[in-house]
Amino acid sequence: MPPIMAQISDPKIAFAYLRPACVLLTRAPTVTNVETLSAQLKEVNDATLQQLQEYVLFPLRFVLKVPGPKNNKLVQAVAEAMSHVLENTCVQSWETLCDLLSELCLCLCSPTDPGKAADTSEELKLAVLRCLDALLHAAYGDIVFKLFEPNMLPGLGAAVSLLLALGEKEKSRDVQAAALKCLQALTLQCDCTQEHVVPSLEERCAIGSTMASFLPGITVAVARIITGDLRQGHAVTIRAIKVWSRTVGLVMEDDQFQVSEPWKTPPPDLGRIEQLIVHRTQDWVKSTAGKLSVLLKKIISCTSAHQHWRVRLEMVELDDHLLARCSQALGECVGPLLEALVGAVNDEEPRVRKRCEVVLRLVSQRNQSCSSSRSAQTFTDVLSENLHSLVTSLPRLMRTSDDQKKLFVLKVFLGYLKVLGPLVSVILNSAAHLERISKALMQVLELDVMDVRIVEERSYTATLETSSGTNDSYTAHIQRKHFLYFTDEKIISVLMEICQTLGYYGNIHLLTDHFLDLYQQSSAYRKQAAMVLNEIIRGAAGIAVATECQGLETQVLGHSATQEDLKVAVVSVVEEYTSVNNWHLITSSEETDRDRQDHQLFSPSRLLSIPNSNVGNTKANSVQLIPSSFGTVSSSTPTSAIHQLNSNIWQLCIQLEGIACFAQALGRDFRPILMTSLYPVLEKAGEETLLVRQAALGSMWDISNSCGYPSLKELINENSDYLLNDISLNLQRLSQHPQAPRVLTVMLTHSDCSLLPLVRDMVQDVLMALDLSYDHTAALFCSVLHALMKALARWFPSSCGRTSKSARPKQTSLHDEIPNIRQFLLDHRIQKELAEGIGVEEDSNEDLEVPPPLECEDVEDIEGPDVKVELPSHLSITKDVMERCIHLLSDPSLRLRLKMAKQRRKCSKGPVFVFFSGGTDLDAVCEACLPYLSCRQPIRLQEASVSVFQHLIQVDPDAFWFTLNELHCPSSYIPPHPDLLPVQLSGMCRPRDEYSDNVLKLLREEFGSVAENSVAASQLMN
């Protein structure tokens, strides 16, 4: 790399060095000559170049003044050379500044229309704009202020219009940003790192008066740039925001209106220019503030949710700049500025949030230190009034705005609460504020209950039993709520955070009482009030509340809710949630004739619904019954009934979520409340409505985790004493408590064998109740007994699992089979001779000795009485259930028959039949299940019956082989020897009938090809 040569510092030497190039350029204005001069200028130091500034600029300016069209490359080279000179020198001559400004603007504008940009290359425009920016930075302070004298209005206006046109219409982002930067420098508002002229108050007044003439054009055009196409990039948008805020801050500065303006009277020789002068009177200020407010609201709506955080940060800077300089003059703009600032408190970018909090604190301090009559109102009062105004318009905005606008409005709402901090409690003491906030939340949180799928989605016992392992089974299927006025998930997140912040800073007793009143007033508010109550208590406990912004009044921090306050609030809300009117709601319209009979018996508390009525109605809180005869969900079902069912389902889900929230809020302190809340939750965990069941299971897991139980098993086992006591009492009053069997079902599903001793007596109660009222309670208790059987099978698994080969005869070759047949005949002959007394004398006495007892036999029991071995408790329960429920297999209800068939299958598992008394019990089971092998039965009943026989075959394969072949024998069995009589079975030669398919399936799967083997064996013997 060659060494850097020292720059020329002697003016004479520099002049002699530059003169030939300057003369040559004047004679021959070419790109090469311009580049030659530009290269030589870089070899002269700044001080020397300052002395030769006018001389070196002359040939460059001469090139620009030559009439006629010019080469773009030539103009670009000239602009680049002039930029070097201006960036390293100062402009001390007004004539030079004025002429250069005009000449450079002519290079940018169209020859036919000076108000529009010329159709030139992007590189040329960037070079000229760079030169123009350097010119404005190089001008001396006393020189640059002459630009804002009244006689310069036309020229200044032309420059402003040209720069705005480039900033708005140009396609190049770089050209747009450079034009806006020049416009910012033209008003002495540049924020780059170079040194700038700092005008005094009087000088600012002069500049402001002149720029007032251009304020409408600048603000409107720049607002269009800010709210324009997002593809222009965030850099252009940020620069446009700076131009808008700095220009408004310059023209509408409060301090300028507090001093006298001697230059208000223009010189008499201005002529038509006088018409361009704007007098900033009070009326003008007020009118302009109103117009700026319209533009400002549009800008805020487009930038508050901008995807780039630097744009949102620049909006915070805009708020800070205008509120600090123009809070009095802007008037109507103060509200939108505060809203934008408060909305940024919840920005997702930490740098935006941090800067916003600093600005808000500064605004508060300025407001408190201001003693003028116009600012006598405290900043807290301003925020309080703005909050009241916002919540008043919130329902309308949520109905008419798009989701982006809704999200911004709600963030502003949340921002006000965070900025006010602990002062929220003071504001909520105002009945007007509390009423507005609560009614706004009620309307915004209204749910959409139109979806018929909510009612149609069902969940039966199998779903519950398979979900007893972990909480993943319910979290994976939770359906999100559908709201009437919005769909964006971010909106509901902000709404929930608003409620949590109210609970964190507000008075928990006041809020709980108020929203409970709304909950009780009308069903129209019940679901929304429950959602708000849930989140208020979560917030009061400090759960999921962002507290980094502690409000403006830093001397008051934190929230006032104690653990005791939370307990009182939780108890009152839980009591309201689990009351009869609000808990036992109908959630299904699927009914059969038998179901209607059940409803007629149990309807006093089963079919409860909350009516839609106002507070003035004396029957507003009375219980109404939904008619149970409107059938299944179909096109003929009344729309209002479906909506009511959907509403009931969502209300129960929200209340179940609330109980889980309360457990999270109190932690282990929630354990005493389990005595009144756990039983209702288990009731809903047995619901057939999918959403309700999932919500209940989720609530159970949250309660378990919050109260310190490792799993649902521990939750149920450690609270089983009072749960089973309640179940026992409620079974005796089944008409008032029809959900008691479902609670027992849920307990059996999620517990272990340690529950069996406590449940044994209750099972007898269930069977007794079933005996007393089969017609009405069979379906109700069948699910309980089925769950019991599944639980027993899970708690006491069989030691030897069933396989398809366990009952089959051992498959051997025919040659191995022949000796076995011979041995059989020999043994038969010996037994026959012994029976006839032949050969008895030849036998030794030793052969007649009684063999010693086996190890497993008790010697004393050989001659003792025949005492039946007592069954273990789980087998005894299984046997009782089988005996008491077997005749239900012939019940007219298909659903009941299916349940009983499944129950028989569960009873056939494990070692239960080992203890059965011979064939009596097996014969009863076989006789009950045999008819369901018919193909005329429903498919699921056939499958259940086949499954039962598969388990029965494991107990006595020979007996059930014979039973099946008596029903249908696939082929004749030929004896292995001619002397043996042929086998005669009732099912032989019987034509194919309704039992054939299932019998053949069982014989093929459980016994293999026995018939074929028999035929082959007999042929080999012959």
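**Describing the overall build of the protein**
Helix and strand content of the protein: 46 helices and two strands. Going through the 1022 residues of the protein one by one, you find that 50% of them count as buried. Nonlocal contacts in the protein, meaning residues at least 24 apart in sequence, comprise 77% of its contacts between residues at least 6 apart. If you sum the accessible surface of the protein, you get close to 48,200 Å²; carbon and sulfur atoms cover 53% of it.

**Some thoughts on a nonpolar patch on the surface**
On the surface, a cluster of nonpolar side chains totalling about 260 Å² of accessible area is made up of Phe58, Phe62 and Val66. Locating phenylalanine 62 in the fold gives a position in helix α4 (residues 53–65). Phenylalanine 62 sits in the partly exposed class, given a relative accessible area of 33%.

**Some details on helix α7 (residues 122–138)**
The end-to-end C-alpha separation of α7 is 24 Å, in line with the 24 Å expected for 17 residues at 1.5 Å each. The buried fraction of α7 is high, at 13 of 17 residues.

**Some remarks on unusual backbone geometry**
With a phi close to 60°, leucine 188 is a non-glycine residue in the positive phi region. As for its placement among the helices and strands, leucine 188 is situated in the loop between α10 (173–186) and α11 (201–211). With a relative accessible area of 17%, leucine 188 lands in the buried category.

**Section: the packing of helix α32 (residues 674–685) against helix α36 (residues 740–750)**
Relative to each other, α32 and α36 sit at 85°, their axes nearing to 8 Å. Taken as axis vectors, α32 and α36 run roughly perpendicular relative to one another. For the pair α32 and α36, the contacting residues are Tyr679, Leu682, Glu683 and Ala685 in the first and Ala740, Arg742, Val743, Val746 and Met747 in the second. Residues belonging to the contact of α32 with α36 are distributed by class as follows: seven nonpolar, no polar and two charged.

**What to know about the packing of helix α1 (residues 11–27) against α4**
Relative to each other, α1 and α4 sit at 10°, their axes nearing to 9 Å. Here α1 is positioned roughly parallel relative to α4, judged by the angle of their axes. Here α1 and α4 pass one another in a crossing that is left-handed. Taking contact as the criterion, the partners of Phe15, Leu18, Arg19, Cys22, Leu25 and Thr26 in α1 are, on α4, Tyr55, Val56, Pro59, Leu60, Phe62 and Val63. Of the residues assigned to the contact of α1 with α4, the class counts are 10 nonpolar, one polar and one charged.

**Some remarks on the environment of lysine 291**
Mapping lysine 291 onto the fold places it in helix α14 (residues 282–303). A sequence separation of 75 residues divides lysine 291 from proline 216, and the C-alpha atoms of the two residues are 8.9 Å apart.

**A look at the pattern of salt bridges**
If you walk through the whole model with that rule in mind, you get 26 salt bridges. Across the pair aspartate 133 and lysine 181 runs a salt bridge, and its minimum N-O distance is 3.2 Å. You can see aspartate 133 sitting in helix α7 and its partner lysine 181 sitting in helix α10, a full 48 residues away along the chain. When its relative accessible area of 12% is taken as the criterion, aspartate 133 is described as buried. Here glutamate 349 makes a salt bridge to arginine 351, at a shortest N to O gap of 2.8 Å. One network of salt bridges, with partners in common, ties together Arg61, Lys65, Asp99 and Glu103.

**Describing α10**
Between the first and last C-alpha of α10 there are 20 Å, a value that for 14 residues agrees with the 20 Å anticipated at 1.5 Å per step. When you tally the buried positions in α10, you get 10 out of 14 residues, the bulk of the element. Buried within α10 are the following residues: Val175, Gln176, Ala178, Ala179, Leu180, Cys182, Leu183, Gln184, Ala185 and Leu186. Contacts made by the buried residues of α10 are with α7, α9 (153–169), α12 (215–226) and α13 (234–251). The N-cap of α10, judged by a side-chain oxygen 3.4 Å from the amide nitrogen of aspartate 174 a few residues on, is serine 172. Phi turns positive one or two residues past the end of α10, at leucine 188, with a value near 60°.

**So, the nonpolar core**
With 259 residues, the main nonpolar core has Trp244, Met252, Leu441, Leu495 and Phe670 as its most contacted residues. With 12 residues, the single largest contributor to this core is helix α31 (residues 639–666). Ignoring any residue separated from it by four or fewer positions in sequence, one finds tryptophan 244 in contact with Thr219, Val222, Ala223, Ile226, Leu292, Leu295, Leu296, Ile299, Leu318 and Leu322. Core analysis: the next-biggest nonpolar cluster, separate from the first, contains 20 residues, Val925, Leu933, Ile953 and Leu967 among them.

**Observations concerning the packing of aromatic side chains**
Any pair of aromatic rings gets described here by the distance separating the centres and the angle formed by the planes. This model, assessed by the stated rule, comprises seven aromatic pairs. Summarising the aromatic geometry, the rings of phenylalanine 15 and tyrosine 55 are spaced 4.9 Å apart at their centres and angled 55° between planes, so their arrangement reads as tilted. Within this pair, whereas phenylalanine 15 is found in helix α1, its partner tyrosine 55 is found in helix α4, the two being separated by 40 residues in sequence. Centroid distance tyrosine 504 to tyrosine 505: 4.9 Å. Interplanar angle 85°. Geometry classified as edge-to-face. With a relative accessible area of 10%, tyrosine 504 lands in the buried category. The structure contains a cluster of three or more aromatic residues connected by ring pairs, namely Tyr519, Tyr577 and Phe662. We note arginine 526 situated over the ring of tyrosine 519; from NZ or CZ to the ring centre the distance is 5.5 Å. Its guanidinium or amino end placed over the ring of tyrosine 709, arginine 671 lies 4.2 Å from that ring's centre, counting from NZ or CZ.

**Points about the environment of serine 425**
Summarising the element assignment, serine 425 is placed in helix α20 (residues 423–428). Residues serine 425 and tyrosine 505, spaced 80 residues apart in sequence, show a C-alpha to C-alpha distance of 6.0 Å. If near-sequence neighbours (up to four positions away) are discounted, serine 425 is found in contact with Tyr505, Gly506 and Asn507.

**With respect to the side chain of asparagine 646**
Checked against the element boundaries, asparagine 646 lands in helix α31. Among the polar contacts made by the side chain of asparagine 646, one reaches the main-chain carbonyl oxygen of valine 449 at a distance of 2.7 Å.

**A closer look at the side chain of threonine 247**
The topology assignment puts threonine 247 in helix α13. Setting aside chain neighbours within four positions, we find threonine 247 in contact with Leu215 and Ile218.

**A closer look at the confidence of the model for the protein**
Chain-level pLDDT for the protein is 79 on average; 77% of the residues reach the 70-or-more range. Mean pLDDT in the protein bottoms out at strand β2 (residues 624–625), which sits at 32, and peaks at helix α28 (residues 563–577), which reaches 95. Below pLDDT 50 for its whole length, residues 910–918 participates in 19 contacts with residues either more than four positions away or in separate chains. Low confidence marks residues 1011–1022, where pLDDT is under 50. Its contacts with residues over four positions away, or in another chain, come to 21 contacts.

How each quantity is defined
- Residues numbered from 1 in each chain as written.
- Predicted model: local features only at pLDDT ≥ 70, side-chain atom pairs only at ≥ 80, totals over all residues.
- Heavy atoms only, no water.
- Helix = DSSP H or I, 4+ residues; strand = E, 2+ residues; numbered from the N terminus.
- Buried < 20%, exposed > 50% of the residue type's maximum accessible area, 1.4 Å probe, protein only.
- Contact = heavy atoms within 4.5 Å.
- Areas by Shrake-Rupley, 256 points an atom, 1.4 Å probe, with all protein chains shown as cover.
- Patch = residues over 30% accessible without salt bridge, like charges linked within 9 Å, V, L, I, M, F, W, Y side chains within 5 Å.
- Salt bridge = Lys/Arg side-chain N within 4 Å of Asp/Glu carboxyl O.
- Expected span 1.5 Å × (residues − 1).
- Axes fitted to C-alpha atoms, helices over the stretch in contact; angles between N-to-C directions.
- Parallel < 35°, antiparallel > 145°, perpendicular 65-115°, else oblique.
- Nonpolar A, V, L, I, M, F, W, Y, C, P; charged D, E, K, R; others polar.
- Left-handed = near helix turned anticlockwise from the far one by under 90°.
- Polar contact = N/O pair within 3.5 Å; in protein donor to acceptor, adjacent residues only side chain to side chain.
- Core = buried A, V, L, I, M, F, W, Y, C linked by side-chain atoms within 4.5 Å.
- Phe/Tyr/Trp six-rings, centres within 6.5 Å; stacked < 30°, edge-to-face > 60°.
- Lys NZ or Arg CZ within 6 Å of the ring centre and 35° of its normal.
- pLDDT = per-residue confidence, 0-100.

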